[in-house]
Amino acid sequence: MMEKKEQSNKWSQIKSFLTEGSNRVKFFFILLSVFLWFLSKLSKEGYTAVIEFPVKYENSSPNKTLGKLPKEKIKVSINSPGFTILKYKLRSFSSLKIDLGQVERKLDPKNSYWLTNSDLSIIENQLDPDVQVRSISPDTIYFDFNKLLTKKLAVKLKLKETFSKDLGIYGRPIIKPDSIVIRGPESELAKIPFIETELLELDGNEAKLKKQMDLLLPKNKGLEFSSKKVRVELEFSKMTEASINVPIEIVGLPSKYQLKLFPENVKLTYKIAIRDYDRVSSSDFRIYADCSDIESNSDKRYLTLQSSNYPEFIESIHFDPKRVEFILSAK
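Residues numbered from 1 in each chain as written. Predicted model: local features only at pLDDT ≥ 70, side-chain atom pairs only at ≥ 80, totals over all residues. Heavy atoms only, no water.

Caption draft 1: Molecular detail of the side chain of Ser77. With respect to the element layout, Ser77 can be found in strand S3 (residues 73-80). Beyond its immediate sequence surroundings of up to four residues, Ser77 is in contact with Thr48, Ala49, Val50, Gln132, Val133, Arg134 and Ser135. (Helix = DSSP H or I, 4+ residues; strand = E, 2+ residues; numbered from the N terminus. Contact = heavy atoms within 4.5 Å.)

Caption draft 2: Representation of the pattern of salt bridges within the structure. Tallied over the full model, the rule gives 10 salt bridges. Glu264 serves as the salt-bridge partner of Lys260, at 2.8 Å between the closest nitrogen and oxygen. (Salt bridge = Lys/Arg side-chain N within 4 Å of Asp/Glu carboxyl O.)

Caption draft 3: Up close: the environment of Gln132. Residue placement: Gln132 occurs in strand S7 (residues 132-137). When neighbours within four sequence positions are excluded, Gln132 is seen to be in contact with Ser77, Ile78, Asn79 and Glu124.

Caption draft 4: Structural context of the sheet that holds strand S1 (residues 47-58). Reading across from one edge, S4-S1-S3-S7 is the order of the four strands in this open sheet, with mixed pairing throughout. Looking at strand neighbours, the two that pair on one side only are strand S4 (96-99) and S7, the edges of this open sheet. Going from strand to strand, the sheet's axes swing by 40° on average, the running direction of each strand aside. As paired elements, S1 and S4 share four bridges and run parallel to each other. By the bridge assignment for S4, Tyr57 is matched with Ile98. (Pairing = 2+ DSSP bridges. Axes fitted to C-alpha atoms, helices over the stretch in contact; angles between N-to-C directions.)

Caption draft 5: Just the nonpolar core, in detail. One finds Tyr57, Val76, Ile78, Ile98, Trp114, Ile123 and Leu127 to be the most contacted residues of the largest nonpolar core, which totals 24 residues. Elements with a minimum of two residues in this core: S1, S3, helix H3 (82-90), S4, helix H4 (100-103), helix H5 (121-124), S7 and strand S8 (140-156). A per-element tally of this core places S1 first, with five residues. Not counting chain neighbours up to four residues away, the residues in contact with Ile98 comprise Val55, Lys56, Tyr57, Glu58, Val103, Trp114, Ile122 and Ile123. Counting residues in hydrophobic clusters, the runner-up holds 23 residues, among them Leu153, Leu209, Leu215 and Leu234. (Core = buried A, V, L, I, M, F, W, Y, C linked by side-chain atoms within 4.5 Å. Buried < 20%, exposed > 50% of the residue type's maximum accessible area, 1.4 Å probe, protein only.)

Caption draft 6: View of the packing of aromatic side chains. Counted by the stated rule, this structure contains four aromatic pairs. Centre to centre, the rings of Tyr57 and Phe143 are 5.4 Å apart; their planes meet at 75°, and the pair counts as edge-to-face. Here Phe143 lies in strand S8 and Tyr57 lies in strand S1, a separation of 86 residues in the sequence. Across this residue pair, the class does not change: Tyr57 and Phe143 are buried. Over the aromatic face of Phe194 sits the side chain of Lys156, whose NZ or CZ is 4.2 Å from the ring centroid. Its end group placed over the ring of Phe313, Arg279 keeps NZ or CZ at 3.9 Å from the ring centre. (Phe/Tyr/Trp six-rings, centres within 6.5 Å; stacked < 30°, edge-to-face > 60°. Lys NZ or Arg CZ within 6 Å of the ring centre and 35° of its normal.)

This is the structure we're talking about:
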């Protein structure tokens, strides 16, 4: 209790001293003197401090771009008046600009580096005139560059068909433009095989459809696109299933042999628009057996069939059988 009473008495004495008229004036001049002394000290040169500055890299070649971003901040040891150091400590500054063409040294065509302490004037010239730069950390900053290339990519229509199986798209969808050009870093372009449209849901209620659609463009940084939209045109038709017998062609058979296949034809089924039903003949298809390795595989019992040359206006193609037996004999 006695201690609290003593502390209360002391505070009362101080409060009385500060509020007394003449003492208030004395206290003001003491504060003013301290402030002026502080200003005098700050105005003198010879203070050293480490300041962290943001940096921005500029003027790279128009045919390359930075891949992995280098250090976004550097620590600069400076010698200057105290006022300047206090200003740098209290204020936030726009980035120091680093001209890559001026500072970078080559490791190889893709990689280079900057020895930050090799030319301190690059930083010093962007600071106040009374600042002397003593050193920079880190002492080496590495740059990873990517070549800027252009790549032409096909546009693919992303479809969801909700109409019945006896209805289909007639012919190929028309997409304008059917491809776009992308410009960007080589490493990013390598990841993109094609470009898709937004999902188009079809119900087949109309005979034709014309629609402008957005492209599903990759979000990778640094990519530029020649187009972000395409125009899609579709025509619909009633479909039917048809079948046809196609003779099997023999290829690659050594001239000293003759070959008999069992069977010699395959049954090929497909879907086709009713309006095109009479356009198809067996010569529109090619089913073949490759016999080029038949001598080296004497225990072979079957030949696997392969196919090519389908008309563009048919779809859902299947053939049976997929392999055939054979008899091989010398001529």
